[in-house]
Amino acid sequence: MPATVVVGLQWGDEAKGKIVDFLSENADVVVRYNGGNNAGHTVVVGDEVYKFHTVPAGILHDSVTAVISDGVVIDPAVLCGEVSALAARGINTSKLRISNAAHIIMPWHKLLDQLEEQHRGSQKIGTTGRGIGPCYQDKYGRWGLRVCDLVDEERFAARVREVLGYKNSLITKVFGGQPLDADAICREYGEFGRQIAPLACDTSHLIASEEAKGSRIVFEGAHGSLLDIDHGTYPYVTSSHPISGGAAIGTGLGPRAIDDVIGIAKVYTTRVGSGVFMTELEGEEGEVIRQKGAEFGTTTGRPRRCGWFDAVAVRFTCKINSCSRLALIKLDVLTGMPTVRVATAYDINGERTTEFPQDTLVLEKAEPVFEEFPGWDQQVSEARKLSDLPATARAYIDRLSTLVDVPVWAISVGERRDQTIMVDV
Ligand code: GDP
Ligand code: IMO
Ligand code: MG
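Residues numbered from 1 in each chain as written. Chains lettered and ligands numbered in written order. Predicted model: local features only at pLDDT ≥ 70, side-chain atom pairs only at ≥ 80, totals over all residues. Heavy atoms only, no water.

Participant: What's the story with the packing of aromatic side chains in this structure? I'm lost.
Facilitator: Within a pair of aromatic rings, the relevant descriptors are the distance that separates the centres and the angle that separates the planes. Summed over all chains, the structure comprises 10 aromatic pairs. Seen from their ring centres, Trp-143 and Tyr-166 are 4.4 Å apart, and the 25 degrees between their planes marks the pair as stacked. With Trp-143 in the loop between α4 (132-140) and α5 (147-150) and Tyr-166 in helix α6 (residues 153-174), this pair connects stretches of sequence that are 23 residues apart. Since its relative accessible area comes to 36%, Tyr-166 is described here as partly exposed. With a centroid separation of 4.8 Å and an interplanar angle of 15 degrees, the aromatic rings of Phe-316 and Phe-356 are classed as stacked. Placement of Phe-316 in helix α11 (residues 311-321) and of Phe-356 in the loop between β17 (351-353) and α12 (360-363) is noted, with a sequence separation of 40 residues between them. Among the aromatic residues, ring-to-ring pairing joins Phe-156, Tyr-189 and Phe-192 into one connected group. Across the ring face of Tyr-50, the terminal group of Arg-89 is positioned such that the distance to the ring centre comes to 4.0 Å. One cation-aromatic arrangement involves Arg-325 over Trp-409; the distance from NZ or CZ to the ring centre is 4.8 Å. (Phe/Tyr/Trp six-rings, centres within 6.5 Å; stacked < 30°, edge-to-face > 60°. Helix = DSSP H or I, 4+ residues; strand = E, 2+ residues; numbered from the N terminus. Buried < 20%, exposed > 50% of the residue type's maximum accessible area, 1.4 Å probe, protein only. Lys NZ or Arg CZ within 6 Å of the ring centre and 35° of its normal.)

Have a look at this one:
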């Protein structure tokens with residue numbers, strides 16, 4: 001297992017954190033490759049609950065080198081807060097490394113995230129409000145500030161002044177907002193720069209040398225494939241590349257070095273924020289899943305929208321990620337449902353299709369075609385092998401795997417590390 005990518009197959013919150021933690025026990029290096037503190041990855045170890053936003057979940061394992069690579073955008077206040085909170089809980093943070101090339105989320109990004117959302121009105125994306133979109137806009141617009149700027153106080157101050165002139169014009173003249181003060185920003189960020197400097201390095205070289213040594217590397221994707229800027233349900237997406245290809249782009253490791261992609265999917269579907277959701281359950285059944293599954297955002301606390309498993313969408317995301325194995329999550333949550341349903345096709349303008357449309361307006365017209373299965377009443381959270389599961393639950397899992405055309409490698413039946421059934425692939 002030299003290089004494994006862990007990728008979400010839906011709209012995020014598939015329990016990537018739990019699976020990364022599980023794999024990290026046998027890993028040398030764990031790398032976050034995309035997104036920022038819009039992510040919230042939960043790991044439960046006994047009675048302890050850890051919520052990661054920027055730091056890779058693999059850091060809980062003492063022997064792991066945790067890397068925040070080039071493709072990530074960093075809010076230094078959040079990063080420094082996370083590192084000190086972990087250290088205060090006795091976690092070894094000395095092996096954390098941060099890419100010199102990662103972009104910095106600046107105060108104007110957070111402000112513009114709010115102002116842009118207000119401006120969109122009823123068309124708002126429902127972002128996490130963390131400045132993610134505006135930070136990536138500036139990265140691609142060549143206005144960005146990076147870690148290598150942040151750790152050099154003079155260079156950083158000069159860049160802030162260069163960029164802030166333009167940003168303040170935008171804030172005041174386009175949006176009618178209040179201008180930001182360069183001195184106050186430099187004071188605040190100067191302190192973060194000092195804290196981050198000892199951790200900053202060229203992580204692409206670090207990862208390449210670990211790969212050359214044969215180290216076991218896990219890439220921790222954030223968000224989900226349906227939120228990918230190119231392949232997701234545009235424009236209701238995030239601004240980075242959650243898909244497995246993002247691991248190559250966001251780290252500098254060539255795609256041939258990645259030989260294993262684990263796709264993570266809940267056995268139902270959730271989504272936070274606006275946008276199309278083909279199998280959404282807006283009534284009582286959705287509420288039952290939300291309450292049983294504790295489906296409230298890890299980052300913003302917003303209730304997650306809930307619905308049935310969408311095999312058309314997940315078959316598509318398995319393909320674009322070139323998934324080699326599947327982890328199916330939260331089987332325990334469906335216990336007690338009289339029947340469970342899976343979308344196996346869409347009816348669009350009177351035509352039946354199993355292809356996932358790239359045009360979101362077409363997708364909005366999709367009527368899911370459901371297959372229905374008998375449910376199960378038996379609790380599954382203590383199951384540790386396939387044969388412990390009720391036959392109806394096993395049949396459901398088998399059908400999902402067949403529909404998406406990827407073998408199941410793990411089934412999660414609870415939030416804890418040990419609540420995991422391993423399946424021989
Ligand atoms: P991530 O963003 O993909 O890492 O996922 P989140 O951490 O945002 O959301 C997944 C939630 O489900 C977390 O609260 C996990 O502790 C929890 N969880 C993970 N696996 C299971 C499971 O099998 N059953 C239940 N009931 N909860 C789970
Ligand atoms: P993890 O890694 C669920 C969603 C937001 C919003 C859209 C754009 O925990 O799975 P952004 O702030 O990124 O510009 O918001 O993307 N979103 C997520 N939803 N889990 C996430 O991350 C998400 N990251 C972004 O809710 O709809
Ligand atoms: Mg999450």
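Participant: Explanation requested: the pairing of strand β1 (residues 3-8) in the structure shown.
Facilitator: Every regular strand shows the same layout, with side chains that alternate between the two sheet faces. With 6 of 6 residues buried, β1 lies mostly within the body of the structure. With 4 bridges joining them, β1 and strand β10 (residues 217-220) adopt parallel strand pairing. Residue pairing for β10: Val-5 is matched across the bridge by Phe-219. As judged from the 5 bridges shared by β1 and strand β11 (residues 260-266), these two strands associate in the parallel manner. The partner of Val-5 across the bridge, within β11, is Val-261. (Pairing = 2+ DSSP bridges.)

Participant: Whenever I open this one, the coordination of the magnesium ion (ligand 3) confuses me. Can you help?
Facilitator: Four donors placed tetrahedrally around a metal ideally meet at 109.5 degrees, and six donors placed octahedrally ideally meet at 90 or 180 degrees. Looking at the magnesium ion (ligand 3), one finds its protein donor set to be Asp-13 (OD) and Gly-40 (O), positioned 2.0 to 2.1 Å from the metal centre. Of this pair, Asp-13 sits in the loop between β1 and α1 (16-24) while Gly-40 sits in the loop between β2 (29-32) and β3 (41-45); the two residues are 27 residues apart in sequence, bridging distant segments of the chain. Under the relative-accessibility criterion, Asp-13 is labelled partly exposed at 22%. (Donors = N, O, S within 2.8 Å, 3.2 Å for Na, K, Ca; no water.)

Participant: How do you make sense of the site of ligand 1 when you look at a structure like this?
Facilitator: Taken together, the neighbourhood of ligand 1 is formed by 20 residues, with Lys-16, Gly-40, Thr-42, Asp-332 and Ser-412 sitting nearest. Take Gly-40: an N or O atom from its main chain is 2.8 Å from an oxygen atom of ligand 1. Measuring from an oxygen atom of ligand 1, one finds a side-chain N or O atom of Ser-412 at 2.6 Å. Protein coverage of the free-state accessible area of ligand 1, which is 590 Å², stands at 91%. Among the cavities detected, the one that contains ligand 1 is the second largest pocket. Each residue belonging to the shell around ligand 1 can be placed in one class, and the counts come to 5 nonpolar, 7 polar and 8 charged. (Near = heavy atom within 4 Å. Polar contact = N/O pair within 3.5 Å; in protein donor to acceptor, adjacent residues only side chain to side chain. Areas by Shrake-Rupley, 256 points an atom, 1.4 Å probe, with all protein chains shown as cover. 1 Å grid on protein atoms, 1.4 Å probe; cavity = no way out; pocket = protein on both sides within 12 Å on 5 of 7 lines; lining within 4 Å. Sits in = over half its atoms within 2 Å of the grid points. Nonpolar A, V, L, I, M, F, W, Y, C, P; charged D, E, K, R; others polar.)

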